[in-house]
Every structure is written in structure tokens, then in C-alpha cells.
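Read off the chains here:
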Amino acid sequence: MKRTIVWALLPAVLLAAAVAWLMTGQTKDVAPQLQVLTVTDALARKVNIPVPTERVVSLTNADTETLLALGVKPLAVVDNRNLPDTLSARLTDVPRVGLATAPNVEQMAALHPDLVIGTTMGFQTSLAPTLDQLGIPAVFTSVSSYQEIVGRITLLGQVTGRTDAAAAIKGEMERRIGELRARYAALPRRKVLILWGTPTSFQLASSQTFIGDLVAQLPVDNVTDRWLADVPAGNKPGFVTLDMEEISRTDADEILIVTHGLTRNMSRQFLDELQAKPAWRQGKAVREGHVHELPGELFASNPNVRTADAIAYLAEVLYD
């Protein structure tokens, strides 16, 4: 009797096994459904990014440093200055895709990235049409304020699936900066003039710039903003022409100098030329010896995850 039951059940068992085998065969080659993060970048382009992914090409030091802080090694980076040696040592086996000012699209495409992230400088945004044609998602972000720094960290956390790590970085940054603001809030506001230099020119930076907004996290008055007081809010420029006569008459307590893209020799030559100008020497800050050349690794490029370090450095320069 028992034998009869076993033989009777055998066809059903075989049928179930066959169905299971067929289902396994049917689903084995079906790709998992990808999640897509849709981002509107600073160029007003809607970009679809497959997430989470670590296949990110970074065109800026700031994004490279953020990725490393999140525990992600970039797929490729550009050759750039102002990256600390400790971080450069972690990138020795990471491919380079040209210079930050001239990224190589062919080298990027050969790596099949899921995302290329860069900044709104023209030498990078000009790559957008080619990357679009190649089907490579590319996001170009603006960094002209502290809030945009926070947004950039959040974005890379979402892309790489490191949202908790990004939130921790932001939380610690905001805690430290909040403490700095509170510590110096009751002190007299320092009047500052920010001199921003590039290989082609030196200009004065208003609070509409990245460096100006960083300084504005502390209780200061940016003297350049006064000269723009009559300009409508939406039309205020980030930088204004350096006028030596204006500097000679200014009551700025401190002059902050940032050189971007200059070699040390070029920077030193320019500062020597400034010192030789009578109008420069007449300014209050110059007379009192309150002229500070800020370190490039914190101020010439976006410090991103080290923003609290940059503001702490400023606080020490201005108040301690």
C-alpha cells in the first residue's frame, strides 16, 4: 500500500521539480531592476544616475575628497593641485583622466563610468554635450556657498549609497561651525577685504562668491559688499576689479589673500609687487600688518568635507 502511494506521488514531485527548474532558468538571466536617481544640475540639465554606484569619475579635488571620506575610491580623478599628501597617497592606483582644466573624454569613456561629476567652470561644462552623446551621466555642480557644499556631500552620499555616512559628515561639520559662530558672535565684527588671484588677474571677492560666503559664516563685514550696495540683488557680481586707490582709503581691519592656479613663485611675485605700491601701503590693514595669505588647500579650491577646518582657520586669523 505504501509503495502504491509513493509511486502515485512521484509524478507530482517530478512536475514540481521541473517547474522549479524552469523558473530558475527563466529568471537567471533577467537583470535586476536598476534604481535611478534623477538630479537637476547647475546647468538646469536633468540627469538620470543608476544608483547605488561607486563607478564615479571625479573632476574636482572637492568631490574626490568627499568620495574618500564616504569610504569610496573614485573610478578615476583628474590631476590637480591642493590635494593633501595623505589623500594623494590613497589615489596612487586610481587612473587619471587629464587635468582639471582639460579633462580627457576618451579616457573617461573607456572606463564606462556611471557618473562624471564636475563643476560649472567652462572648461568642464563644455564636455556635457559629448558625454550626453556617449550616454554617460554627468552632473556639474555650482559651489558658491556653504549650503551648496552641504548639498554636494548629500548628493554623493545618495549616489554611492552612503547616505548615513554623508549625514554624519554634515552633522559634524554643522556642529563645529555652529560652535565657532557662537564663540565669536559677541565680538566686534571684523571688516575684511578678500583678494582673489588667478593667473590672469586679481580681484576683490564679495559675499556672492564661494570664498566670500565661507568668510560670512563668521561675524564679519565684507568691505567689497559696500561698493555693491546700490546694485540690485540679482545682479550683484561675485568679483569686482581691484582698485588700489579704493584699497588705500578702506578701513578694512584684515586683508585675506587667496591665489588660485598660481605657482608659489607667481604668487610671491604678485605680493611683492603689491608691497611696492604706495597706495597699497596706505591701507589700514597693511599698515597694521593684518594681511594674510590663506592656504590653497583650504581656500583656493572647495574644501568640502574640510569646510569646518577652513572656517576654524579663518576664526583664528581674524579673532585669536
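Since we're looking at a predicted model, the values are computed, not measured.

**Digging into the overall build of the protein chain**
Next up, step 1: A tally of regular secondary structure across the protein chain gives 16 helices and 14 strands.
Next up, step 2: Long-range contacts, defined here as pairs at least 24 residues apart, represent 64% of the contacts in the protein chain between residues at least 6 apart.
Next up, step 3: Accessible surface, the protein chain: about 16,600 Å² in total, of which carbon and sulfur atoms supply 55%.

**Focus: the pattern of salt bridges**
Next up, step 1: Under the criterion given, the structure shown has 17 salt bridges.
Next up, step 2: Between arginine 45 and aspartate 132 there is a salt bridge, with the nearest N and O atoms lying 2.8 Å from each other. Of the two residues, arginine 45 sits in the loop between strand E1 (35-40) and strand E2 (46-51) while aspartate 132 sits in helix H6 (residues 128-133), which places them 87 residues apart along the sequence.
Next up, step 3: Glutamate 172 serves as the salt-bridge partner of arginine 175, at 2.6 Å between the closest nitrogen and oxygen. With arginine 175 and glutamate 172 both in helix H8 (residues 163-184) and three residues apart, the pair spans about one turn of that helix.
Next up, step 4: Residue classification places arginine 175 among the partly exposed positions, given a relative accessible area of 40%.

**Here's the deal with the confidence of the model for the protein chain**
Low-pLDDT portions of the prediction should not be read for the details of their coordinates.
Next up, step 1: Here the protein chain averages 85 in pLDDT, while 87% of its residues score no lower than 70.
Next up, step 2: Predicted confidence in the protein chain is weakest over helix H1 (residues 2-28), with a mean pLDDT of 40, and strongest over strand E3 (residues 56-58), with 98.
Next up, step 3: The low-confidence segment residues 1-33 (pLDDT under 50) makes zero contacts with residues lying over four places distant or belonging to another chain.

**Digging into helix H16 (residues 307-319)**
Next up, step 1: For H16, with 13 residues, the first-to-last C-alpha span of 18 Å sits near the 18 Å given by 1.5 Å per residue.
Next up, step 2: Looking only at H16, the buried set comprises Thr307, Ala308, Ala310, Ile311, Leu314, Ala315, Leu318 and Tyr319. One face of H16 carries all of its buried residues, which in axial projection span an arc of 155°.

**Considerations on the packing of aromatic side chains**
Next up, step 1: With the rule as written, the count across this model stands at three aromatic pairs.
Next up, step 2: Consider the rings of tyrosine 184 and tyrosine 319, whose centres lie 5.0 Å apart with planes at 25°: the pair is stacked. Of this pair, tyrosine 184 sits in helix H8 while tyrosine 319 is found in helix H16, placing the two residues 135 residues apart along the sequence.
Next up, step 3: For tyrosine 184, a relative accessible area of 4% gives the class buried.
Next up, step 4: The buried category is assigned to tyrosine 319, whose relative accessible area is 15%.

Reading guide: rules and limits
Residues numbered from 1 in each chain as written. Predicted model: local features only at pLDDT ≥ 70, side-chain atom pairs only at ≥ 80, totals over all residues. Heavy atoms only, no water. Helix = DSSP H or I, 4+ residues; strand = E, 2+ residues; numbered from the N terminus. Contact = heavy atoms within 4.5 Å. Areas by Shrake-Rupley, 256 points an atom, 1.4 Å probe, with all protein chains shown as cover. Salt bridge = Lys/Arg side-chain N within 4 Å of Asp/Glu carboxyl O. Buried < 20%, exposed > 50% of the residue type's maximum accessible area, 1.4 Å probe, protein only. pLDDT = per-residue confidence, 0-100. Expected span 1.5 Å × (residues − 1). Arc of directions from axis to C-beta. Phe/Tyr/Trp six-rings, centres within 6.5 Å; stacked < 30°, edge-to-face > 60°.

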